[in-house]
Amino acid sequence: MAMASLYRRSLPSPPAIDFSSAEGKLIFNEALQKGTMEGFFRLISYFQTQSEPAYCGLASLSVVLNALSIDPGRKWKGPWRWFDESMLDCCEPLEVVKEKGISFGKVVCLAHCSGAKVEAFRTSQSTIDDFRKFVVKCTSSENCHMISTYHRGVFKQTGTGHFSPIGGYNAERDMPLILDVARFKYPPHWVPLKLLWEAMDSIDQSTGKRRGFMLISRPHREPGLLYTLSCKDESWIEIAKYLKEDVPRLVSSQHVDSVEKIISVVFKSLPSNFNQFIRWVAEIRITEDSNQNLSAEEKSRLKLKQLVLKEVHETELFKHINKFLSTVGYEDSLTYAAAKACCQGAEILSGSPSKEFCCRETCVKCIKGPDDSEGTVVTGVVVRDGNEQKVDLLVPSTQTECECGPEATYPAGNDVFTALLLALPPQTWSGIKDQALMHEMKQLISMASLPTLLQEEVLHLRRQLQLLKRCQENKEEDDLAAPAY
(Lines give C-alpha, C1' and ligand atoms only; values in the text may rest on other atoms or scores of the structure.)
Protein backbone atom coordinates (compact mmCIF):
# COMPACT_ATOMS: atom_id res chain seq x y z
CA MET A 1 0.00 0.00 0.00
CA ALA A 2 1.38 3.39 -0.96
CA MET A 3 2.25 5.70 1.94
CA ALA A 4 0.99 9.27 2.06
CA SER A 5 3.67 11.88 1.43
CA LEU A 6 4.02 15.61 1.84
CA TYR A 7 5.64 18.29 -0.30
CA ARG A 8 6.18 21.27 2.01
CA ARG A 9 3.51 23.01 4.05
CA SER A 10 1.91 26.41 3.70
CA LEU A 11 3.49 28.85 6.13
CA PRO A 12 0.80 30.19 8.50
CA SER A 13 0.87 33.94 7.87
CA PRO A 14 0.18 35.74 10.06
CA PRO A 15 1.95 35.48 12.41
CA ALA A 16 4.99 34.62 10.28
CA ILE A 17 6.01 36.46 7.10
CA ASP A 18 7.68 34.47 4.32
CA PHE A 19 11.23 35.72 3.75
CA SER A 20 10.82 35.63 -0.05
CA SER A 21 7.47 37.45 -0.12
CA ALA A 22 7.22 41.10 -1.11
CA GLU A 23 6.78 42.14 2.52
CA GLY A 24 9.58 39.77 3.59
CA LYS A 25 11.95 41.40 1.13
CA LEU A 26 10.97 44.85 2.40
CA ILE A 27 11.65 43.81 6.01
CA PHE A 28 15.02 42.41 4.91
CA ASN A 29 15.98 45.64 3.14
CA GLU A 30 15.02 47.75 6.17
CA ALA A 31 17.09 45.53 8.50
CA LEU A 32 20.02 45.55 6.07
CA GLN A 33 20.07 49.36 6.09
CA LYS A 34 20.13 49.37 9.91
CA GLY A 35 23.07 46.91 10.12
CA THR A 36 21.25 44.00 11.76
CA MET A 37 21.72 41.52 8.91
CA GLU A 38 25.51 41.21 9.26
CA GLY A 39 25.42 37.57 10.34
CA PHE A 40 22.93 36.57 7.65
CA PHE A 41 25.37 36.32 4.77
CA ARG A 42 27.73 33.91 6.52
CA LEU A 43 24.87 31.77 7.77
CA ILE A 44 23.17 31.59 4.37
CA SER A 45 26.53 30.78 2.72
CA TYR A 46 26.82 27.63 4.82
CA PHE A 47 23.14 26.84 5.27
CA GLN A 48 21.89 23.27 5.06
CA THR A 49 18.65 21.36 5.39
CA GLN A 50 18.44 18.86 8.22
CA SER A 51 18.99 15.36 6.78
CA GLU A 52 16.66 13.60 9.24
CA PRO A 53 13.30 14.73 10.66
CA ALA A 54 14.79 14.85 14.18
CA TYR A 55 18.15 16.42 13.25
CA CYS A 56 17.11 20.09 13.56
CA GLY A 57 19.47 20.68 16.49
CA LEU A 58 22.41 19.02 14.74
CA ALA A 59 21.78 20.84 11.44
CA SER A 60 21.48 24.23 13.18
CA LEU A 61 24.75 23.67 15.00
CA SER A 62 26.53 22.48 11.83
CA VAL A 63 25.47 25.65 10.00
CA VAL A 64 26.71 27.92 12.79
CA LEU A 65 30.03 26.11 13.33
CA ASN A 66 30.80 26.25 9.59
CA ALA A 67 29.70 29.90 9.38
CA LEU A 68 32.19 30.71 12.16
CA SER A 69 34.97 28.88 10.24
CA ILE A 70 35.71 26.57 13.17
CA ASP A 71 37.93 23.76 11.94
CA PRO A 72 36.66 20.37 13.25
CA GLY A 73 40.19 18.97 12.96
CA ARG A 74 38.94 15.74 11.36
CA LYS A 75 37.63 14.83 7.96
CA TRP A 76 34.01 14.61 6.93
CA LYS A 77 34.16 12.92 3.53
CA GLY A 78 36.91 12.59 0.97
CA PRO A 79 39.65 15.08 1.85
CA TRP A 80 37.27 17.64 3.38
CA ARG A 81 37.23 18.78 7.00
CA TRP A 82 33.72 20.07 7.54
CA PHE A 83 31.08 20.04 10.27
CA ASP A 84 28.19 17.80 9.36
CA GLU A 85 25.37 16.33 11.43
CA SER A 86 27.07 12.91 11.24
CA MET A 87 30.10 14.29 13.12
CA LEU A 88 28.15 15.68 16.07
CA ASP A 89 28.09 12.53 18.18
CA CYS A 90 30.17 13.56 21.19
CA CYS A 91 27.31 13.97 23.69
CA GLU A 92 24.54 11.77 22.29
CA PRO A 93 24.68 8.76 19.92
CA LEU A 94 23.24 9.63 16.50
CA GLU A 95 20.88 6.64 16.64
CA VAL A 96 19.24 8.13 19.75
CA VAL A 97 18.94 11.59 18.14
CA LYS A 98 17.45 10.08 15.00
CA GLU A 99 14.79 8.27 17.01
CA LYS A 100 14.01 10.77 19.78
CA GLY A 101 15.48 14.12 18.78
CA ILE A 102 17.83 16.07 21.02
CA SER A 103 17.40 18.34 24.01
CA PHE A 104 18.58 21.91 24.48
CA GLY A 105 21.27 20.85 27.00
CA LYS A 106 22.69 18.21 24.64
CA VAL A 107 23.01 20.73 21.78
CA VAL A 108 24.81 23.10 24.16
CA CYS A 109 27.05 20.18 25.15
CA LEU A 110 27.80 19.45 21.48
CA ALA A 111 28.68 23.09 20.84
CA HIS A 112 31.13 23.07 23.79
CA CYS A 113 32.53 19.71 22.68
CA SER A 114 33.12 21.03 19.15
CA GLY A 115 35.37 23.75 20.52
CA ALA A 116 32.99 26.71 20.25
CA LYS A 117 32.50 29.41 22.84
CA VAL A 118 28.92 29.12 24.07
CA GLU A 119 26.58 31.23 26.20
CA ALA A 120 23.26 29.46 26.74
CA PHE A 121 20.12 30.67 28.48
CA ARG A 122 16.72 29.18 29.19
CA THR A 123 13.89 31.68 29.29
CA SER A 124 13.78 31.10 33.07
CA GLN A 125 17.36 32.42 33.22
CA SER A 126 16.81 35.51 31.08
CA THR A 127 14.24 38.17 30.17
CA ILE A 128 12.69 39.21 26.89
CA ASP A 129 14.65 42.48 27.05
CA ASP A 130 17.93 40.61 27.49
CA PHE A 131 16.96 38.30 24.63
CA ARG A 132 16.32 41.29 22.38
CA LYS A 133 19.76 42.72 23.24
CA PHE A 134 21.41 39.38 22.41
CA VAL A 135 19.53 39.22 19.09
CA VAL A 136 20.82 42.69 18.19
CA LYS A 137 24.35 41.70 19.25
CA CYS A 138 24.42 38.56 17.09
CA THR A 139 22.69 39.98 14.03
CA SER A 140 25.03 43.00 14.03
CA SER A 141 28.15 40.82 13.87
CA GLU A 142 29.71 38.10 11.73
CA ASN A 143 31.47 36.64 14.75
CA CYS A 144 28.51 35.53 16.85
CA HIS A 145 25.41 33.55 15.88
CA MET A 146 22.29 32.54 17.76
CA ILE A 147 20.35 29.27 17.79
CA SER A 148 16.85 29.30 19.22
CA THR A 149 14.78 26.33 20.37
CA TYR A 150 11.04 26.92 20.43
CA HIS A 151 7.59 25.31 20.12
CA ARG A 152 6.20 25.56 16.60
CA GLY A 153 2.60 25.58 17.81
CA VAL A 154 2.88 29.19 18.96
CA PHE A 155 3.36 30.18 15.29
CA LYS A 156 0.39 27.97 14.25
CA GLN A 157 2.89 25.63 12.56
CA THR A 158 2.67 21.86 12.70
CA GLY A 159 5.10 20.03 14.96
CA THR A 160 6.38 20.68 18.45
CA GLY A 161 9.93 21.48 19.60
CA HIS A 162 12.36 22.76 16.97
CA PHE A 163 15.83 24.34 16.60
CA SER A 164 16.90 26.92 14.02
CA PRO A 165 19.44 29.74 13.71
CA ILE A 166 18.38 33.40 13.92
CA GLY A 167 19.53 35.04 10.70
CA GLY A 168 18.66 38.71 11.15
CA TYR A 169 16.54 41.29 12.98
CA ASN A 170 14.36 44.24 12.01
CA ALA A 171 14.43 46.54 15.04
CA GLU A 172 11.65 48.89 13.90
CA ARG A 173 9.22 46.00 13.51
CA ASP A 174 10.81 44.00 16.34
CA MET A 175 10.98 40.91 14.12
CA PRO A 176 13.83 38.34 14.01
CA LEU A 177 14.38 36.12 10.98
CA ILE A 178 14.19 32.36 11.61
CA LEU A 179 16.33 30.41 9.13
CA ASP A 180 14.31 27.20 9.41
CA VAL A 181 16.60 24.19 8.87
CA ALA A 182 13.52 22.10 7.95
CA ARG A 183 13.44 23.73 4.51
CA PHE A 184 11.42 20.78 3.19
CA LYS A 185 8.64 22.00 5.48
CA TYR A 186 8.76 25.79 5.88
CA PRO A 187 10.82 28.57 4.24
CA PRO A 188 12.80 31.15 6.26
CA HIS A 189 10.35 33.52 7.92
CA TRP A 190 10.10 36.67 9.99
CA VAL A 191 8.20 36.45 13.31
CA PRO A 192 7.37 38.95 16.06
CA LEU A 193 10.06 38.78 18.75
CA LYS A 194 7.46 38.66 21.53
CA LEU A 195 5.92 35.61 19.90
CA LEU A 196 9.33 33.92 19.52
CA TRP A 197 9.96 34.54 23.22
CA GLU A 198 6.61 32.96 24.01
CA ALA A 199 7.49 29.97 21.80
CA MET A 200 10.82 29.58 23.65
CA ASP A 201 9.13 30.09 27.02
CA SER A 202 7.49 26.67 26.78
CA ILE A 203 8.22 23.40 28.55
CA ASP A 204 10.12 20.65 26.76
CA GLN A 205 8.20 17.58 27.87
CA SER A 206 11.27 15.33 27.53
CA THR A 207 13.23 17.30 30.15
CA GLY A 208 10.56 19.21 32.07
CA LYS A 209 12.54 22.42 31.51
CA ARG A 210 11.96 25.56 29.51
CA ARG A 211 13.47 26.07 26.10
CA GLY A 212 15.79 28.94 25.26
CA PHE A 213 18.61 30.22 23.08
CA MET A 214 22.38 30.05 22.78
CA LEU A 215 25.03 32.44 21.49
CA ILE A 216 27.89 30.72 19.70
CA SER A 217 31.19 32.36 18.76
CA ARG A 218 34.70 31.33 17.79
CA PRO A 219 36.65 29.44 20.42
CA HIS A 220 39.70 30.57 22.33
CA ARG A 221 41.24 27.27 21.23
CA GLU A 222 40.59 24.80 18.44
CA PRO A 223 39.36 21.24 19.13
CA GLY A 224 41.92 18.54 19.88
CA LEU A 225 44.53 17.72 17.27
CA LEU A 226 45.44 14.14 18.08
CA TYR A 227 43.01 12.72 20.64
CA THR A 228 39.26 12.83 21.14
CA LEU A 229 36.65 11.26 23.40
CA SER A 230 33.55 9.67 21.93
CA CYS A 231 30.24 8.33 23.21
CA LYS A 232 29.63 6.52 19.94
CA ASP A 233 30.20 3.17 21.62
CA GLU A 234 27.57 2.49 24.30
CA SER A 235 30.29 1.45 26.74
CA TRP A 236 31.29 5.10 27.22
CA ILE A 237 28.92 5.39 30.21
CA GLU A 238 30.73 2.56 31.98
CA ILE A 239 34.16 3.99 31.15
CA ALA A 240 33.25 7.57 32.13
CA LYS A 241 31.93 6.27 35.48
CA TYR A 242 35.12 4.27 36.01
CA LEU A 243 37.35 7.27 35.36
CA LYS A 244 35.39 9.79 37.41
CA GLU A 245 34.27 7.60 40.33
CA ASP A 246 36.12 4.30 40.50
CA VAL A 247 39.67 5.55 39.90
CA PRO A 248 39.66 8.00 42.87
CA ARG A 249 38.16 5.25 45.05
CA LEU A 250 40.70 2.63 43.94
CA VAL A 251 43.80 4.77 44.54
CA SER A 252 42.52 5.84 47.97
CA SER A 253 41.38 2.41 49.16
CA GLN A 254 44.38 0.34 48.07
CA HIS A 255 47.95 0.54 49.35
CA VAL A 256 49.92 2.24 46.61
CA ASP A 257 53.57 3.04 47.26
CA SER A 258 54.82 4.03 43.79
CA VAL A 259 53.68 5.64 40.56
CA GLU A 260 53.92 2.23 38.84
CA LYS A 261 51.62 0.76 41.48
CA ILE A 262 49.07 3.53 40.86
CA ILE A 263 49.23 2.85 37.11
CA SER A 264 48.85 -0.88 37.77
CA VAL A 265 45.74 -0.37 39.91
CA VAL A 266 44.14 1.92 37.33
CA PHE A 267 45.11 -0.15 34.29
CA LYS A 268 44.14 -3.57 35.63
CA SER A 269 40.59 -2.47 36.38
CA LEU A 270 40.26 -0.36 33.21
CA PRO A 271 37.43 -1.59 30.95
CA SER A 272 38.97 -3.48 28.04
CA ASN A 273 37.25 -1.30 25.45
CA PHE A 274 38.63 1.98 26.79
CA ASN A 275 40.25 2.63 23.40
CA GLN A 276 36.75 3.00 21.96
CA PHE A 277 36.24 5.89 24.38
CA ILE A 278 39.48 7.76 23.67
CA ARG A 279 40.85 7.56 20.14
CA TRP A 280 43.53 9.19 18.11
CA VAL A 281 42.09 11.36 15.37
CA ALA A 282 42.74 9.61 12.07
CA GLU A 283 43.49 11.66 8.96
CA ILE A 284 41.60 9.97 6.15
CA ARG A 285 42.61 10.26 2.49
CA ILE A 286 40.43 9.30 -0.44
CA THR A 287 41.61 6.47 -2.68
CA GLU A 288 42.30 8.74 -5.65
CA ASP A 289 44.93 10.56 -3.60
CA SER A 290 46.66 7.41 -2.42
CA ASN A 291 49.63 7.65 -4.80
CA GLN A 292 50.04 11.41 -4.61
CA ASN A 293 52.46 13.30 -2.41
CA LEU A 294 51.40 15.03 0.76
CA SER A 295 49.90 18.46 0.19
CA ALA A 296 51.28 21.44 2.09
CA GLU A 297 48.12 21.54 4.22
CA GLU A 298 48.31 17.82 5.05
CA LYS A 299 51.98 18.19 5.90
CA SER A 300 51.23 21.14 8.21
CA ARG A 301 48.54 19.23 10.13
CA LEU A 302 50.68 16.11 10.30
CA LYS A 303 53.55 18.15 11.71
CA LEU A 304 51.31 19.48 14.52
CA LYS A 305 50.05 15.97 15.32
CA GLN A 306 53.62 14.71 15.41
CA LEU A 307 54.56 17.51 17.77
CA VAL A 308 51.72 16.61 20.14
CA LEU A 309 52.73 12.93 20.00
CA LYS A 310 56.36 13.87 20.69
CA GLU A 311 55.32 16.00 23.66
CA VAL A 312 53.27 13.10 25.08
CA HIS A 313 56.25 10.76 24.69
CA GLU A 314 58.48 13.23 26.52
CA THR A 315 56.29 13.48 29.63
CA GLU A 316 57.47 11.74 32.78
CA LEU A 317 54.05 10.11 33.10
CA PHE A 318 54.45 8.43 29.69
CA LYS A 319 57.82 7.02 30.76
CA HIS A 320 56.22 5.49 33.86
CA ILE A 321 53.32 4.09 31.82
CA ASN A 322 55.59 2.71 29.10
CA LYS A 323 57.75 1.01 31.73
CA PHE A 324 54.72 -0.56 33.41
CA LEU A 325 53.08 -1.76 30.17
CA SER A 326 56.32 -3.40 29.06
CA THR A 327 56.32 -5.50 32.26
CA VAL A 328 52.78 -6.82 31.69
CA GLY A 329 53.30 -7.68 28.04
CA TYR A 330 50.77 -5.14 26.76
CA GLU A 331 51.01 -4.69 23.00
CA ASP A 332 49.02 -2.40 20.77
CA SER A 333 50.59 -2.53 17.33
CA LEU A 334 50.18 0.04 14.60
CA THR A 335 48.60 -2.66 12.42
CA TYR A 336 45.86 -3.32 14.99
CA ALA A 337 45.21 0.37 15.69
CA ALA A 338 45.24 1.16 11.96
CA ALA A 339 42.77 -1.63 11.19
CA LYS A 340 40.30 -0.11 13.65
CA ALA A 341 40.94 3.38 12.30
CA CYS A 342 40.48 2.16 8.70
CA CYS A 343 37.04 0.81 9.59
CA GLN A 344 36.19 4.17 11.18
CA GLY A 345 37.46 5.88 8.03
CA ALA A 346 35.33 3.68 5.80
CA GLU A 347 32.37 4.55 8.00
CA ILE A 348 32.98 8.28 7.55
CA LEU A 349 33.42 7.97 3.79
CA SER A 350 30.34 5.79 3.30
CA GLY A 351 28.05 6.93 6.09
CA SER A 352 27.57 3.32 7.27
CA PRO A 353 28.27 2.06 10.83
CA SER A 354 31.87 0.85 11.32
CA LYS A 355 30.62 -2.45 12.77
CA GLU A 356 29.52 -3.37 9.24
CA PHE A 357 33.15 -3.31 8.07
CA CYS A 358 36.10 -5.59 8.66
CA CYS A 359 39.66 -4.71 7.72
CA ARG A 360 41.19 -7.49 5.62
CA GLU A 361 44.70 -6.16 5.45
CA THR A 362 46.86 -3.11 6.12
CA CYS A 363 50.24 -1.98 4.88
CA VAL A 364 52.49 0.86 5.96
CA LYS A 365 54.36 3.06 3.52
CA CYS A 366 56.16 6.40 3.42
CA ILE A 367 54.98 9.33 1.35
CA LYS A 368 56.80 12.57 0.60
CA GLY A 369 55.74 16.10 1.33
CA PRO A 370 56.36 19.20 -0.83
CA ASP A 371 59.78 19.75 0.76
CA ASP A 372 60.79 16.07 0.54
CA SER A 373 59.86 15.49 4.18
CA GLU A 374 58.24 12.12 4.73
CA GLY A 375 54.98 11.06 6.30
CA THR A 376 53.56 7.65 7.09
CA VAL A 377 50.46 6.33 5.35
CA VAL A 378 48.58 3.21 6.39
CA THR A 379 46.54 1.68 3.58
CA GLY A 380 43.74 -0.64 4.58
CA VAL A 381 41.47 -2.83 2.50
CA VAL A 382 38.09 -2.75 4.19
CA VAL A 383 35.42 -5.32 3.35
CA ARG A 384 31.67 -4.89 3.66
CA ASP A 385 29.09 -7.30 2.21
CA GLY A 386 31.78 -8.76 -0.03
CA ASN A 387 32.73 -5.36 -1.45
CA GLU A 388 36.19 -3.92 -0.94
CA GLN A 389 37.04 -0.31 -0.17
CA LYS A 390 40.52 1.15 0.05
CA VAL A 391 41.12 3.61 2.87
CA ASP A 392 44.33 5.57 3.47
CA LEU A 393 45.29 7.13 6.78
CA LEU A 394 48.00 9.68 7.53
CA VAL A 395 49.69 8.59 10.73
CA PRO A 396 51.88 10.86 12.87
CA SER A 397 55.15 9.41 14.14
CA THR A 398 58.13 10.36 16.24
CA GLN A 399 61.73 9.17 16.01
CA THR A 400 63.20 7.27 18.93
CA GLU A 401 66.75 6.03 19.32
CA CYS A 402 67.38 2.31 19.85
CA GLU A 403 70.35 -0.04 19.45
CA CYS A 404 69.62 -0.40 15.74
CA GLY A 405 69.43 3.35 15.17
CA PRO A 406 66.43 5.72 14.72
CA GLU A 407 63.06 4.00 14.89
CA ALA A 408 59.62 5.41 14.10
CA THR A 409 57.07 5.35 16.94
CA TYR A 410 53.36 5.63 16.17
CA PRO A 411 50.26 6.36 18.28
CA ALA A 412 49.49 3.32 20.41
CA GLY A 413 47.89 2.28 23.68
CA ASN A 414 50.69 3.69 25.85
CA ASP A 415 50.35 7.29 24.66
CA VAL A 416 46.54 7.08 24.52
CA PHE A 417 46.51 5.84 28.12
CA THR A 418 48.88 8.68 29.06
CA ALA A 419 46.60 11.28 27.45
CA LEU A 420 43.62 9.78 29.28
CA LEU A 421 45.32 10.01 32.71
CA LEU A 422 46.48 13.57 31.99
CA ALA A 423 42.87 14.48 31.22
CA LEU A 424 41.61 13.36 34.64
CA PRO A 425 41.04 16.22 37.09
CA PRO A 426 43.84 16.77 39.66
CA GLN A 427 41.52 15.85 42.57
CA THR A 428 41.45 12.29 41.21
CA TRP A 429 44.66 11.62 43.12
CA SER A 430 43.81 13.47 46.33
CA GLY A 431 42.91 10.26 48.16
CA ILE A 432 46.41 8.73 47.92
CA LYS A 433 47.43 8.14 51.52
CA ASP A 434 51.17 8.60 50.99
CA GLN A 435 51.48 12.40 50.86
CA ALA A 436 54.83 12.36 49.05
CA LEU A 437 53.45 9.99 46.40
CA MET A 438 50.29 12.06 46.01
CA HIS A 439 52.44 15.15 45.46
CA GLU A 440 54.58 13.27 42.91
CA MET A 441 51.48 12.10 41.01
CA LYS A 442 50.03 15.59 40.92
CA GLN A 443 53.34 16.90 39.60
CA LEU A 444 53.25 14.30 36.80
CA ILE A 445 49.81 15.46 35.63
CA SER A 446 50.34 19.17 36.37
CA MET A 447 49.38 21.46 33.49
CA ALA A 448 52.30 23.74 34.38
CA SER A 449 54.76 20.98 33.47
CA LEU A 450 53.29 20.45 29.99
CA PRO A 451 54.26 22.29 26.77
CA THR A 452 51.66 24.71 25.41
CA LEU A 453 50.38 22.51 22.58
CA LEU A 454 49.95 19.50 24.86
CA GLN A 455 48.27 21.72 27.46
CA GLU A 456 45.63 22.65 24.91
CA GLU A 457 45.18 19.01 23.94
CA VAL A 458 44.71 17.95 27.57
CA LEU A 459 42.34 20.85 28.30
CA HIS A 460 40.21 19.79 25.33
CA LEU A 461 40.02 16.22 26.67
CA ARG A 462 39.20 17.48 30.19
CA ARG A 463 36.45 19.61 28.75
CA GLN A 464 35.02 16.62 26.88
CA LEU A 465 35.26 14.42 29.97
CA GLN A 466 33.39 16.98 32.07
CA LEU A 467 30.69 17.28 29.43
CA LEU A 468 30.30 13.51 29.14
CA LYS A 469 30.12 13.26 32.93
CA ARG A 470 27.23 15.72 32.85
CA CYS A 471 25.51 13.56 30.24
CA GLN A 472 26.17 10.37 32.21
CA GLU A 473 24.65 11.94 35.33
CA ASN A 474 21.79 13.50 33.32
CA LYS A 475 22.90 16.96 34.45
CA GLU A 476 23.48 18.50 31.03
CA GLU A 477 20.09 20.22 31.29
CA ASP A 478 20.98 21.79 34.65
CA ASP A 479 24.43 23.15 33.86
CA LEU A 480 24.80 24.92 30.50
CA ALA A 481 28.07 26.68 31.26
CA ALA A 482 31.47 25.78 29.85
CA PRO A 483 33.26 23.17 31.98
CA ALA A 484 35.62 24.43 34.66
CA TYR A 485 39.00 22.70 34.62
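Higher on the page you've got the structure.
None of the values given here were measured: they were computed from a predicted structure. (Residues numbered from 1 in each chain as written. Predicted model: local features only at pLDDT ≥ 70, side-chain atom pairs only at ≥ 80, totals over all residues. Heavy atoms only, no water.)

A. Structural context of the overall build of the protein. If you tally the helices and strands in the protein, you get 15 helices and 19 strands. The buried share of the protein, reckoned over its 485 residues, is 55%. When contacts within the protein are restricted to residue pairs at least 6 apart in sequence, long-range pairs at least 24 apart make up 67% of them. (Helix = DSSP H or I, 4+ residues; strand = E, 2+ residues; numbered from the N terminus. Buried < 20%, exposed > 50% of the residue type's maximum accessible area, 1.4 Å probe, protein only. Contact = heavy atoms within 4.5 Å.)

B. Just the nonpolar core, in detail. In this structure, Y227 and W429 are the most contacted members of the largest nonpolar core, which totals 56 residues. Those residues within four positions of Y227 in sequence are excluded, and the remaining contacts are R279, W280, V281, V308, L309, V312, D415, V416, A419, E457, H460 and L461. Counting 48 residues, the second largest nonpolar core, distinct from the first, contains L43, F47, I147 and L177. (Core = buried A, V, L, I, M, F, W, Y, C linked by side-chain atoms within 4.5 Å.)

C. Summary view of the packing of aromatic side chains. One pass over the full model with this rule turns up 14 aromatic pairs. One aromatic cluster is present, built from ring pairs that chain together F121, F131, F134, W197 and F213. (Phe/Tyr/Trp six-rings, centres within 6.5 Å; stacked < 30°, edge-to-face > 60°.)

D. Inspection of the packing of helix α9 (residues 259–269) against helix α11 (residues 316–327) at higher detail. Contact geometry of α9 with α11 gives a least axis separation of 10 Å together with a crossing angle of 65°. Note on packing geometry: the crossing formed by α9 with α11 is right-handed. For the pair α9 and α11, contact is made by V259, E260, I263, S264 and F267 and by H320, I321, K323, F324 and L325, respectively. For the contact of α9 with α11, the per-class residue count stands at six nonpolar, two polar and two charged. (Axes fitted to C-alpha atoms, helices over the stretch in contact; angles between N-to-C directions. Left-handed = near helix turned anticlockwise from the far one by under 90°. Nonpolar A, V, L, I, M, F, W, Y, C, P; charged D, E, K, R; others polar.)

E. Representation of the sheet that holds strand β6 (residues 161–170) in the model. Strands sit in the order β1-β8-β7-β6-β5-β11-β4 across an open sheet of seven strands; the sheet is antiparallel. On the outer flanks of this sheet lie β1 (17–18) and β4 (117–122), each paired with one strand and no other. Taken together, the four bridges between β6 and strand β7 (residues 175–178) define a ladder with antiparallel strand orientation. Counted as the bridge partner of I166 is I178 from β7. Relative to β6, helix α3 (residues 56–67) is tilted by about 35°, and along the sheet it contacts β5 (144–151), β6 and β11 (212–217). Against the sheet, helix α5 (residues 104–113) contacts β4, β5, β6 and β11, and its axis sits at roughly 165° relative to β4. (Pairing = 2+ DSSP bridges.)

F. Structural context of the side chain of H189. Within the secondary structure, H189 is located in strand β8 (residues 189–190). Looking at H189, its side chain comes within polar contact range of the side chain of Q157, at 3.2 Å. There is a polar contact of 2.7 Å between the side chain of H189 and the backbone oxygen of P187. Once residues within four sequence positions are removed from consideration, H189 is found in contact with L11, A16, I17, D18, F19, Q157, P176, L177, I178 and D180. (Polar contact = N/O pair within 3.5 Å; in protein donor to acceptor, adjacent residues only side chain to side chain.)

G. Here's a closer look at the pattern of salt bridges. Counting across every chain of the model gives 14 salt bridges. Two residues, R173 and E30, come together in a salt bridge whose shortest N-O distance is 2.9 Å. With R173 in the loop between β6 and β7 and E30 in helix α1 (residues 22–34), the pair connects residues that are 143 residues apart, well separated along the chain. With a relative accessible area of 30%, R173 lands in the partly exposed category. The network of salt bridges with shared partners includes E23, E30 and R173. (Salt bridge = Lys/Arg side-chain N within 4 Å of Asp/Glu carboxyl O.)

Shape descriptors only; they carry no functional weight alone.
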